[in-house]
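Survey of secondary and tertiary structure
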Amino acid sequence: MKRVLVTGASGFIGMHLCRRLQQQNVEVRAVLRRAINGPWHQAVLCDLTEQALPATAFDGVDTVFHLAGKAHAIREPGEDSEVYYRINVIATQHLLDAAMAAGVKRLVYFSSVKAMGDATTSVQDEHSPCAPTSPYGQSKLAAERLLLSHSRAIEVVILRPCMVYGETQKGNLPLMIRLIRKHLVPPLPDYANHRCMVHVDDMVEAALLAAEQPAAAAQVYIVNDGNSYSTRQIYDAICRGLGRQPPAWSLPKALLVLAAKTGDGLAALLGRRMRFDSQALQRLSCSAQYSAAKIRQELGFCPRYDLYRFLHTLLR
Ligand SMILES: NC(=O)c1ccc[n+]([C@@H]2O[C@H](COP(=O)([O-])OP(=O)(O)OC[C@H]3O[C@@H](n4cnc5c(N)ncnc54)[C@H](OP(=O)(O)O)[C@@H]3O)[C@@H](O)[C@H]2O)c1
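Before going into details, it helps to say that this report is about the structure given with it. (Residues numbered from 1 in each chain as written. Predicted model: local features only at pLDDT ≥ 70, side-chain atom pairs only at ≥ 80, totals over all residues.)

1. With respect to the sheet that holds strand β5 (residues 106-110)
Keep this limit in mind: When DSSP locates at least two bridges between a pair of strands, those strands are taken to pair. Only DSSP runs of H or I reaching four residues or more are called helices, and only runs of E reaching two or more are called strands; each is numbered from the N terminus. Only the stretch in contact is used when fitting a helix axis, every axis being a line fitted to C-alpha atoms; angles between N-to-C directions are given from 0 to 180 degrees. Each residue is represented by a C-beta atom placed from its backbone, and any two residues with such atoms within 7 Å are regarded as in contact.
With parallel pairing, seven strands are arranged side by side in an open sheet as β3-β2-β1-β4-β5-β6-β9. At either margin of the open sheet sits one strand with a lone partner, and together these are β3 (42-45) and β9 (219-223). The mean inter-strand angle of the sheet, taken between neighbouring strand axes irrespective of direction, is 20 degrees. Sheet strands in contact with helix α3 (residues 135-148) are β5 and β6 (155-161), and its direction is about 160 degrees off that of β6.

2. Some thoughts on the environment of cysteine 46
To keep things clear, this is the line we draw: Partly exposed residues are those whose C-beta has more than 12 but fewer than 20 other C-beta atoms within 10 Å; 20 or more makes a residue buried and 12 or fewer makes it exposed, with C-beta atoms placed from the backbone.
In this structure, cysteine 46 sits in the loop between β3 and β4 (63-66). Judged by the 20 C-beta atoms lying within 10 Å of it, cysteine 46 is buried. Distance from cysteine 46 to glycine 300, taken between C-alpha atoms, is 35 Å for residues 254 residues apart in sequence.

3. Brief notes about the site of the ligand
Using the following cut-off: A residue counts as near a molecule or strand when its C-beta atom, positioned from the backbone, falls within 6 Å of it.
Inspection of the region around the ligand gives 25 residues, with Gly8, Gly11, Arg33, Gly69 and Val164 positioned closest. For the shell around the ligand, the secondary-structure elements that each account for two or more residues are α1 (12-23), α2 (80-101) and β7 (163-165).

4. Some points on the pairing of β9
Regular strands show a simple pattern: their side chains alternate between the two faces of the sheet. Counting buried positions along β9 yields five of five residues, so the element is predominantly enclosed. Alternating positions in β9 separate into two faces, Gln219, Tyr221 and Val223 on one and Val220 and Ile222 on the other, with burial throughout. Note that β6 and β9 share five bridges and pair parallel. Across the sheet, isoleucine 158 pairs through a bridge with valine 220, a residue of β9.

5. Comments concerning the nonpolar core
Put simply, the rule reads: In these notes, a nonpolar core means any group of buried Ala, Val, Leu, Ile, Met, Phe, Trp, Tyr and Cys residues linked to one another through C-beta atoms within 7 Å.
By size, the foremost hydrophobic cluster in this structure holds 84 residues, and its most contacted members are Val6, Val31, Leu159, Ala207, Ala210 and Val223. Considering every element that reaches this core, the biggest residue donor is helix α5 (residues 200-212), with nine residues.

6. Notes on the packing of α1 against α5
For clarity, the threshold we go by: Each angle gets one of four labels, with under 35 degrees taken as roughly parallel, over 145 as roughly antiparallel, 65 to 115 as roughly perpendicular, and the rest as oblique. Whether a crossing is left-handed or right-handed is set by the direction in which the near helix is turned from the far one by less than a right angle, anticlockwise for left-handed and clockwise for right-handed.
Where α1 meets α5, the axes come as close as 9 Å, and the angle between the chain directions of the two elements is 60 degrees. As far as their axial angle goes, α5 and α1 are oblique. The interaxial crossing formed by α1 with α5 has right-handed handedness. Side by side, α1 and α5 meet where Phe12, Ile13, His16, Leu17 and Arg20 of the first sit next to Val200, Asp201, Met203, Val204, Ala207 and Leu208 of the second.

7. Focus: the environment of valine 104
One can find valine 104 in the loop between α2 and β5. Overall, valine 104 belongs to the buried group, with 21 C-beta atoms counted inside 10 Å. Spatially, the C-alpha atom of valine 104 lies 49 Å from that of alanine 260, the residues being 156 residues apart in sequence. Those residues in contact with valine 104 that lie beyond four places of it in its chain are Phe58, Val61, Asp62, Val64, Ala99 and Ile154.

8. Description of the packing of helix α4 (residues 172-181) against helix α6 (residues 231-241)
What counts, and what does not: Each residue gets one label: Ala, Val, Leu, Ile, Met, Phe, Trp, Tyr, Cys and Pro are nonpolar, Asp, Glu, Lys and Arg are charged, and the others, such as Gly, are polar.
Contact geometry of α4 with α6 gives a least axis separation of 10 Å together with a crossing angle of 55 degrees. Considering their axes alone, α4 and α6 lie oblique with respect to each other. Regarding α4 and α6, the two cross each other, and that crossing is right-handed. Residues Met176, Ile177 and Ile180 of α4 form the contact with α6, whose participating residues are Ile234, Tyr235, Ile238 and Cys239. Class assignment for the residues of the contact of α4 with α6 results in seven nonpolar, no polar and no charged.

Such coordinate-based values are descriptive only and should not be taken to indicate function.
Here it is in structure tokens:
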């Protein structure tokens, strides 16, 4: 890699990726919606859902990292499908057309394990059938299929990260930390569920391997840190990180079911989703477990972090 184009450069993962690329003396050209300073050499201003990138954006570019997207849930259900489709599918199509016309060698796409579905009953891998139910997951799968259908014309690598953790205020983990810090979350029951995650620095290493290794062309890779965590384990780890002893008791499951049903009822009455409802309870209690054996075996991916170590250093 000599010169790369990074969409979503201003985002949580994008910033880390650009910084790492610069450390490797790669020239970074960032696609941004508004001019801001960051770890890149040049910036191209473009809203990918509205405009096509100018051909000059690809001058000398051999690799594209495509991260621009809507990563976190939108609260209004009616809005979801169209918004996700525009950013994840239409924008990807525009980018793909321009990258192929410019003769870009490789495109690394940040999809998500949600392209496979939202909850799992067994450990899923890249051969597992995809049945996404959320508009986010459906749009990611559509973008993956679009890209892979052109893999004779451009080398495409699809990465499916599990939830990415790191120092950010966005997403469910930082929200959980903020609420537990303020004593706003009672000790959660142990559902013995399994959730997979990956540290942002490891995610960046996976992206570099995907960009550089010939064997990665036209492949799909799940990325995680090799562990699985139950909701209660995460709760306890946050307590320990905050210097508190995790409580020995936990909220009865039946009470959470009652609270979720109350949330559903209020939503029906008021016409808007409540913070806690059956969907939120499902997310808290279900498993979403994936194997990242393929990227370890084929690309030599070797994650350095786990959630416990990260929380310990973050909250210390
Ligand atoms: N974070 C996770 O846990 C996670 C897990 C699995 C997959 N992923 C995927 O990884 C990618 C990066 O995630 P992230 O957490 O870094 O997301 P993020 O912090 O929300 O950043 C999203 C980026 O996309 C850009 N963007 C959004 N709409 C755009 C548009 N119309 N045109 C141009 N740029 C646009 C944003 O630009 P602005 O700064 O202008 O808003 C921002 O740079 C996403 O595709 C996400 O789906 C993330």
